[in-house]
Amino acid sequence: MTSMPRDFARPTLRIFKTAEMASTAVADLLEQRMVAKPDITIGLATGATPRLVYTKMVERAGAPSWRSVRCFNLDEYVGLDASHPASFAYYMNDLLFDHVDVDPRRTHIPDGTALDLEAAAKAYEALISETGGIDLQLLGIGRNGHIGFNEPGSEHDSRTRQVELTPSTIAANAPDFPEGEEPPATALTMGIGTILDAREIVLLATGPAKAEALYAALEGPVDLDCPASALRKHSAVTVFCDEAAAARLKRDNLSFTGDGYAAA
Ligand code: PGA
(Lines give C-alpha, C1' and ligand atoms only; values in the text may rest on other atoms or scores of the structure.)
Protein backbone atom coordinates (compact mmCIF):
# COMPACT_ATOMS: atom_id res chain seq x y z
CA MET A 1 0.00 0.00 0.00
CA THR A 2 1.29 3.47 -0.86
CA SER A 3 1.60 5.77 2.13
CA MET A 4 0.82 9.46 1.79
CA PRO A 5 3.87 11.71 1.55
CA ARG A 6 4.10 13.93 4.64
CA ASP A 7 4.28 17.23 2.79
CA PHE A 8 0.77 16.92 1.34
CA ALA A 9 -2.27 18.18 3.23
CA ARG A 10 -4.97 15.79 4.37
CA PRO A 11 -8.34 17.16 3.29
CA THR A 12 -10.95 17.32 6.03
CA LEU A 13 -13.14 14.28 5.57
CA ARG A 14 -16.83 14.14 6.48
CA ILE A 15 -18.58 10.83 5.94
CA PHE A 16 -22.39 10.67 6.13
CA LYS A 17 -24.73 7.70 6.16
CA THR A 18 -26.54 8.79 3.01
CA ALA A 19 -26.05 10.95 -0.07
CA GLU A 20 -28.96 13.08 1.09
CA MET A 21 -27.23 13.84 4.40
CA ALA A 22 -23.95 14.66 2.66
CA SER A 23 -25.77 16.95 0.20
CA THR A 24 -27.61 18.73 3.02
CA ALA A 25 -24.29 19.34 4.77
CA VAL A 26 -22.83 20.84 1.58
CA ALA A 27 -25.92 23.06 1.18
CA ASP A 28 -25.51 24.15 4.83
CA LEU A 29 -21.89 25.09 4.21
CA LEU A 30 -22.77 27.03 1.04
CA GLU A 31 -25.48 28.88 2.94
CA GLN A 32 -23.07 29.70 5.77
CA ARG A 33 -20.50 31.09 3.33
CA MET A 34 -23.15 33.13 1.45
CA VAL A 35 -24.39 34.66 4.68
CA ALA A 36 -20.84 35.51 5.76
CA LYS A 37 -20.01 37.07 2.38
CA PRO A 38 -23.08 38.06 0.31
CA ASP A 39 -20.94 38.91 -2.75
CA ILE A 40 -19.11 35.57 -2.60
CA THR A 41 -17.78 34.01 -5.82
CA ILE A 42 -18.75 30.34 -6.04
CA GLY A 43 -17.36 27.81 -8.50
CA LEU A 44 -20.15 25.42 -9.49
CA ALA A 45 -20.12 21.83 -10.69
CA THR A 46 -22.62 19.84 -12.75
CA GLY A 47 -23.33 16.11 -13.16
CA ALA A 48 -25.54 13.81 -11.13
CA THR A 49 -23.79 14.36 -7.78
CA PRO A 50 -24.60 18.02 -6.97
CA ARG A 51 -28.26 17.85 -8.11
CA LEU A 52 -29.53 17.39 -4.57
CA VAL A 53 -27.39 20.28 -3.30
CA TYR A 54 -29.06 22.57 -5.85
CA THR A 55 -32.51 21.24 -4.94
CA LYS A 56 -31.80 22.10 -1.32
CA MET A 57 -30.55 25.58 -2.24
CA VAL A 58 -33.73 26.18 -4.27
CA GLU A 59 -35.84 25.08 -1.29
CA ARG A 60 -34.07 27.82 0.69
CA ALA A 61 -34.37 30.40 -2.14
CA GLY A 62 -34.42 33.93 -0.82
CA ALA A 63 -32.55 33.07 2.34
CA PRO A 64 -29.74 33.34 1.62
CA SER A 65 -30.04 35.64 -1.38
CA TRP A 66 -28.08 34.97 -4.59
CA ARG A 67 -28.46 38.61 -5.73
CA SER A 68 -24.81 39.59 -5.22
CA VAL A 69 -23.29 36.13 -5.69
CA ARG A 70 -21.03 35.53 -8.70
CA CYS A 71 -20.82 32.02 -10.16
CA PHE A 72 -18.29 30.36 -12.43
CA ASN A 73 -19.07 26.88 -13.71
CA LEU A 74 -16.28 24.38 -14.14
CA ASP A 75 -16.91 23.24 -17.68
CA GLU A 76 -19.08 22.94 -20.79
CA TYR A 77 -19.24 20.67 -23.82
CA VAL A 78 -17.82 22.05 -27.06
CA GLY A 79 -20.62 22.77 -29.51
CA LEU A 80 -23.54 22.89 -27.08
CA ASP A 81 -25.37 26.05 -26.07
CA ALA A 82 -27.89 26.67 -23.30
CA SER A 83 -30.78 25.44 -25.45
CA HIS A 84 -29.35 21.89 -25.58
CA PRO A 85 -30.79 19.83 -22.71
CA ALA A 86 -27.45 18.06 -22.11
CA SER A 87 -25.47 21.32 -21.91
CA PHE A 88 -24.27 22.39 -18.51
CA ALA A 89 -25.75 25.86 -19.14
CA TYR A 90 -29.19 24.23 -19.51
CA TYR A 91 -28.56 22.13 -16.37
CA MET A 92 -27.67 25.20 -14.29
CA ASN A 93 -30.69 27.20 -15.48
CA ASP A 94 -33.00 24.25 -14.97
CA LEU A 95 -31.77 23.19 -11.52
CA LEU A 96 -30.69 26.45 -9.91
CA PHE A 97 -30.49 29.78 -11.73
CA ASP A 98 -34.15 29.89 -12.88
CA HIS A 99 -35.32 29.35 -9.30
CA VAL A 100 -33.21 31.77 -7.27
CA ASP A 101 -32.67 35.55 -7.39
CA VAL A 102 -29.25 35.30 -9.06
CA ASP A 103 -28.27 38.09 -11.49
CA PRO A 104 -27.74 36.34 -14.88
CA ARG A 105 -24.89 38.81 -15.59
CA ARG A 106 -23.04 37.29 -12.65
CA THR A 107 -23.34 33.67 -13.82
CA HIS A 108 -20.54 32.43 -16.06
CA ILE A 109 -20.09 29.18 -17.95
CA PRO A 110 -17.32 28.48 -20.48
CA ASP A 111 -18.62 29.20 -24.00
CA GLY A 112 -18.50 25.87 -25.81
CA THR A 113 -19.92 27.45 -28.95
CA ALA A 114 -17.17 30.09 -29.34
CA LEU A 115 -15.57 30.16 -32.79
CA ASP A 116 -12.18 30.68 -31.15
CA LEU A 117 -12.17 28.26 -28.22
CA GLU A 118 -8.63 29.15 -27.18
CA ALA A 119 -9.56 32.82 -26.90
CA ALA A 120 -12.76 31.91 -25.01
CA ALA A 121 -10.73 29.81 -22.54
CA LYS A 122 -8.24 32.65 -21.98
CA ALA A 123 -11.07 35.15 -21.52
CA TYR A 124 -12.75 32.87 -18.95
CA GLU A 125 -9.54 32.52 -16.99
CA ALA A 126 -9.00 36.31 -17.13
CA LEU A 127 -12.56 37.03 -15.95
CA ILE A 128 -12.07 34.78 -12.92
CA SER A 129 -8.98 36.70 -11.83
CA GLU A 130 -10.30 40.16 -12.76
CA THR A 131 -13.38 39.59 -10.58
CA GLY A 132 -11.25 38.61 -7.59
CA GLY A 133 -10.96 34.82 -7.87
CA ILE A 134 -13.15 32.00 -6.59
CA ASP A 135 -13.92 31.92 -2.87
CA LEU A 136 -15.50 28.47 -2.75
CA GLN A 137 -15.24 25.81 -5.45
CA LEU A 138 -17.72 22.93 -5.47
CA LEU A 139 -16.48 19.73 -7.14
CA GLY A 140 -17.64 16.24 -8.01
CA ILE A 141 -15.24 13.48 -8.91
CA GLY A 142 -15.29 11.28 -12.01
CA ARG A 143 -14.95 7.50 -11.83
CA ASN A 144 -11.49 8.02 -13.31
CA GLY A 145 -10.63 10.67 -10.72
CA HIS A 146 -11.27 13.67 -12.97
CA ILE A 147 -12.21 17.06 -11.52
CA GLY A 148 -14.03 19.37 -13.89
CA PHE A 149 -13.17 17.72 -17.21
CA ASN A 150 -9.50 17.41 -16.28
CA GLU A 151 -8.93 13.82 -17.30
CA PRO A 152 -6.01 11.66 -16.09
CA GLY A 153 -2.74 13.09 -17.41
CA SER A 154 -3.85 16.73 -16.93
CA GLU A 155 -1.07 18.87 -15.48
CA HIS A 156 -1.70 20.12 -11.96
CA ASP A 157 -0.95 23.68 -13.09
CA SER A 158 -3.26 23.49 -16.13
CA ARG A 159 -5.58 26.41 -16.87
CA THR A 160 -8.93 26.75 -18.67
CA ARG A 161 -8.62 25.04 -22.07
CA GLN A 162 -10.16 22.69 -24.59
CA VAL A 163 -9.76 19.01 -23.63
CA GLU A 164 -10.50 15.62 -25.17
CA LEU A 165 -12.86 13.51 -23.07
CA THR A 166 -11.93 9.90 -22.35
CA PRO A 167 -14.20 7.10 -23.63
CA SER A 168 -15.21 6.32 -20.01
CA THR A 169 -16.33 9.92 -19.39
CA ILE A 170 -18.24 10.00 -22.68
CA ALA A 171 -19.93 6.72 -21.76
CA ALA A 172 -20.75 7.94 -18.21
CA ASN A 173 -22.44 11.07 -19.59
CA ALA A 174 -24.13 9.46 -22.62
CA PRO A 175 -27.45 8.90 -20.77
CA ASP A 176 -27.85 12.71 -20.56
CA PHE A 177 -28.11 12.87 -24.36
CA PRO A 178 -31.18 12.14 -26.47
CA GLU A 179 -31.33 8.61 -27.89
CA GLY A 180 -29.11 8.29 -30.95
CA GLU A 181 -27.23 11.56 -30.38
CA GLU A 182 -23.47 11.23 -30.09
CA PRO A 183 -22.12 13.16 -27.03
CA PRO A 184 -19.35 15.69 -27.82
CA ALA A 185 -15.82 14.31 -27.52
CA THR A 186 -14.33 17.62 -26.37
CA ALA A 187 -15.10 20.24 -23.74
CA LEU A 188 -13.85 23.49 -22.27
CA THR A 189 -12.83 23.08 -18.64
CA MET A 190 -11.20 25.13 -15.92
CA GLY A 191 -7.75 23.68 -15.35
CA ILE A 192 -6.53 21.96 -12.21
CA GLY A 193 -4.42 25.07 -11.54
CA THR A 194 -7.55 27.22 -11.86
CA ILE A 195 -9.35 24.97 -9.35
CA LEU A 196 -6.42 25.04 -6.91
CA ASP A 197 -6.50 28.87 -6.97
CA ALA A 198 -9.91 28.79 -5.22
CA ARG A 199 -9.63 29.87 -1.59
CA GLU A 200 -11.71 26.94 -0.38
CA ILE A 201 -12.70 23.68 -2.09
CA VAL A 202 -15.56 21.30 -1.34
CA LEU A 203 -15.66 17.90 -3.02
CA LEU A 204 -18.85 15.86 -2.89
CA ALA A 205 -18.71 12.15 -3.73
CA THR A 206 -21.62 9.76 -3.37
CA GLY A 207 -22.38 6.19 -4.35
CA PRO A 208 -20.28 3.03 -4.71
CA ALA A 209 -19.08 3.96 -8.22
CA LYS A 210 -16.92 6.70 -6.64
CA ALA A 211 -15.24 4.58 -3.93
CA GLU A 212 -12.18 3.67 -5.99
CA ALA A 213 -11.62 7.22 -7.30
CA LEU A 214 -11.99 8.71 -3.82
CA TYR A 215 -9.53 6.20 -2.41
CA ALA A 216 -7.01 7.01 -5.15
CA ALA A 217 -7.51 10.76 -4.62
CA LEU A 218 -7.05 10.70 -0.84
CA GLU A 219 -4.79 7.75 -0.18
CA GLY A 220 -2.98 6.99 -3.42
CA PRO A 221 0.01 8.90 -4.76
CA VAL A 222 -0.35 12.58 -5.68
CA ASP A 223 0.20 12.30 -9.41
CA LEU A 224 -1.22 13.00 -12.86
CA ASP A 225 -2.99 9.62 -13.05
CA CYS A 226 -5.56 10.78 -10.50
CA PRO A 227 -6.40 14.45 -11.16
CA ALA A 228 -8.28 14.75 -7.83
CA SER A 229 -5.09 13.80 -5.94
CA ALA A 230 -3.90 17.35 -6.78
CA LEU A 231 -6.38 18.58 -4.15
CA ARG A 232 -3.88 17.44 -1.51
CA LYS A 233 -1.67 20.36 -2.64
CA HIS A 234 -4.38 22.72 -1.29
CA SER A 235 -4.76 23.51 2.39
CA ALA A 236 -8.53 24.16 2.60
CA VAL A 237 -10.32 21.17 1.09
CA THR A 238 -13.30 19.40 2.68
CA VAL A 239 -14.52 16.11 1.24
CA PHE A 240 -18.19 15.33 1.89
CA CYS A 241 -19.16 11.76 1.05
CA ASP A 242 -21.60 9.01 1.87
CA GLU A 243 -20.72 5.60 3.30
CA ALA A 244 -20.78 3.99 -0.15
CA ALA A 245 -18.19 6.37 -1.62
CA ALA A 246 -16.08 6.11 1.56
CA ALA A 247 -16.01 2.31 1.53
CA ARG A 248 -12.24 2.07 0.90
CA LEU A 249 -11.06 4.95 3.10
CA LYS A 250 -9.14 4.60 6.36
CA ARG A 251 -11.01 5.98 9.34
CA ASP A 252 -8.24 6.03 11.95
CA ASN A 253 -8.54 9.75 12.65
CA LEU A 254 -12.29 10.00 12.43
CA SER A 255 -14.94 9.89 15.11
CA PHE A 256 -18.68 9.39 14.78
CA THR A 257 -20.61 12.63 15.35
CA GLY A 258 -24.22 11.53 15.18
CA ASP A 259 -24.96 12.17 11.52
CA GLY A 260 -21.63 10.84 10.31
CA TYR A 261 -17.89 10.59 10.83
CA ALA A 262 -15.64 13.65 10.99
CA ALA A 263 -12.05 14.41 11.93
CA ALA A 264 -11.64 13.93 15.68
P1 PGA B 1 -21.33 12.67 -11.75
O2 PGA B 1 -20.04 13.34 -12.35
O3 PGA B 1 -21.72 13.50 -10.59
O4 PGA B 1 -22.33 12.73 -12.86
O5 PGA B 1 -20.95 11.28 -11.36
C6 PGA B 1 -19.05 13.76 -11.47
C7 PGA B 1 -17.92 14.33 -12.27
O8 PGA B 1 -17.68 13.85 -13.38
O9 PGA B 1 -17.28 15.27 -11.76
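I would appreciate a short explanation of helix α3 (residues 88-95) in the present structure.
Listing the buried residues of α3 in full gives F88, A89, Y91, M92 and L95. For α3, the arc enclosing every buried residue in end-on projection is 160°, short of the 170-degree limit, so these residues lie on one face. Check the buried side of α3 and you find it contacts β2 (41-44), α2 (51-59), β3 (70-73) and β4 (75-77).

Explain the sheet that holds strand β8 (residues 186-189) to me, please; I cannot follow it from the model alone.
Backbone-to-backbone hydrogen bonds pair the strands of a sheet. The strands run either parallel or antiparallel. One open sheet holds the 3 strands; their spatial order is β4-β8-β7, and the pairing between them is antiparallel. Each edge of the open sheet carries a strand with a single partner, namely β4 and β7 (161-164). The average undirected angle you get between the axes of adjacent strands in this sheet is 30°. Where β7 lies against β8, 4 bridges are found, and the strand directions are antiparallel. In the sheet register, E164 faces β8, and the bridge partner there is T186.

So what exactly am I meant to see when it comes to the site of the ligand here?
In the region of the ligand, the neighbouring residues are G47, A48, T49, G140, I141, G142, H146 and K210. Contacts to the ligand include A48, whose backbone N or O atom sits 2.8 Å from an oxygen atom. H146 places a side-chain nitrogen or oxygen 2.5 Å from an oxygen atom of the ligand. For the ligand, the accessible surface in isolation is 280 Å², of which the surrounding protein chains cover 82%. Looking at side-chain class alone, the shell around the ligand contains 2 nonpolar, 5 polar and 1 charged residues.

Please clarify how the pattern of salt bridges should be interpreted in this entry.
Side chains that carry opposite charge are capable of pairing whenever their charged atoms lie near each other. Under the defined criterion, the tally for this structure stands at 13 salt bridges. Linking E200 and R33 is a salt bridge whose minimum nitrogen-to-oxygen distance equals 2.8 Å. Residue E200 is located in strand β9 (residues 200-205), and its partner R33 is located in helix α1 (residues 19-36); the two are separated by 167 residues in the primary sequence. Judged by its relative accessible area of 26%, R33 is partly exposed. The residue R199 makes a salt bridge to D135 at a minimum N-O spacing of 2.9 Å. Residue R199 is found in the loop between α6 (192-196) and β9, and its partner D135 is found in the loop between α4 (117-130) and β6 (136-139); the two are separated by 64 residues along the sequence. A relative accessible area of 46% places R199 in the partly exposed class.

Looking at this model, I keep getting lost on helix α7 (residues 211-219). Mind explaining?
In an α-helix, one full turn covers 3.6 residues, which means residues spaced three or four apart are oriented alike. Extensive coverage of α7 is indicated by the burial of 7 of its 9 residues. Taken together, the buried positions of α7 are occupied by A211, A213, L214, Y215, A217, L218 and E219.

Help me understand the packing of aromatic side chains, please; the structure alone is not making it clear to me.
With the rule as written, the count across this model stands at 7 aromatic pairs. Their ring planes at 50° and their centres at 5.6 Å tell us that Y77 and F149 sit as a pair that is tilted. Here the residue Y77 occupies a position in strand β4, and F149 occupies one in the loop between β6 and β7, the gap between them amounting to 72 residues. A relative accessible area of 1% places Y77 in the buried class. In this structure F149 comes out as buried when scored by relative accessible area, which is 3%. For the pair F88 and F149, a centre-to-centre distance of 5.8 Å together with 35° between the ring planes defines the contact as tilted. Here F149 lies in the loop between β6 and β7 and F88 lies in helix α3, a separation of 61 residues in the sequence. There is no split in this pair, since F88 and F149 are both buried. Among the aromatic residues, those joined into a ring-pair cluster are Y77, F88, F149 and F177.

What is the right way to read the packing of α1 against α2 from this model?
Between two packed helices, what matters for the description is the angle formed by their axes and the separation of those axes. Here α1 crosses α2 at 50°, and the two axes come no closer than 8 Å. Classified by the angle between their axes, α1 and α2 sit oblique to one another. Crossing of α1 against α2: the hand is right-handed. Judged by residue contacts, A19, E20, S23, T24, V26, A27, L30, E31 and M34 of α1 engage L52, V53, K56 and M57 from α2. For the contact of α1 with α2, a count of residues per class yields 8 nonpolar, 2 polar and 3 charged.

What exactly am I supposed to notice about the nonpolar core here?
As a rule of thumb, nonpolar side chains are buried together in soluble globular proteins. Residues L203, L214 and L231 are the most contacted members of the largest nonpolar core, which totals 34 residues. Put simply, the parts of the chain that give this core at least two residues each are β1 (12-16), α4, α6, β9, α7 and β10 (237-242). Residues in contact with L214, not counting those within four places in the same chain, are I141, L203, A205, V239, C241, A245 and L249. One finds L30, V69, V102 and L136 within the second-largest nonpolar core, a separate group that totals 29 residues.

What counts as what
- Residues numbered from 1 in each chain as written.
- Predicted model: local features only at pLDDT ≥ 70, side-chain atom pairs only at ≥ 80, totals over all residues.
- Heavy atoms only, no water.
- Buried < 20%, exposed > 50% of the residue type's maximum accessible area, 1.4 Å probe, protein only.
- Helix = DSSP H or I, 4+ residues; strand = E, 2+ residues; numbered from the N terminus.
- Arc of directions from axis to C-beta.
- Contact = heavy atoms within 4.5 Å.
- Pairing = 2+ DSSP bridges.
- Axes fitted to C-alpha atoms, helices over the stretch in contact; angles between N-to-C directions.
- Near = heavy atom within 4 Å.
- Polar contact = N/O pair within 3.5 Å; in protein donor to acceptor, adjacent residues only side chain to side chain.
- Areas by Shrake-Rupley, 256 points an atom, 1.4 Å probe, with all protein chains shown as cover.
- Nonpolar A, V, L, I, M, F, W, Y, C, P; charged D, E, K, R; others polar.
- Salt bridge = Lys/Arg side-chain N within 4 Å of Asp/Glu carboxyl O.
- Phe/Tyr/Trp six-rings, centres within 6.5 Å; stacked < 30°, edge-to-face > 60°.
- Parallel < 35°, antiparallel > 145°, perpendicular 65-115°, else oblique.
- Left-handed = near helix turned anticlockwise from the far one by under 90°.
- Core = buried A, V, L, I, M, F, W, Y, C linked by side-chain atoms within 4.5 Å.

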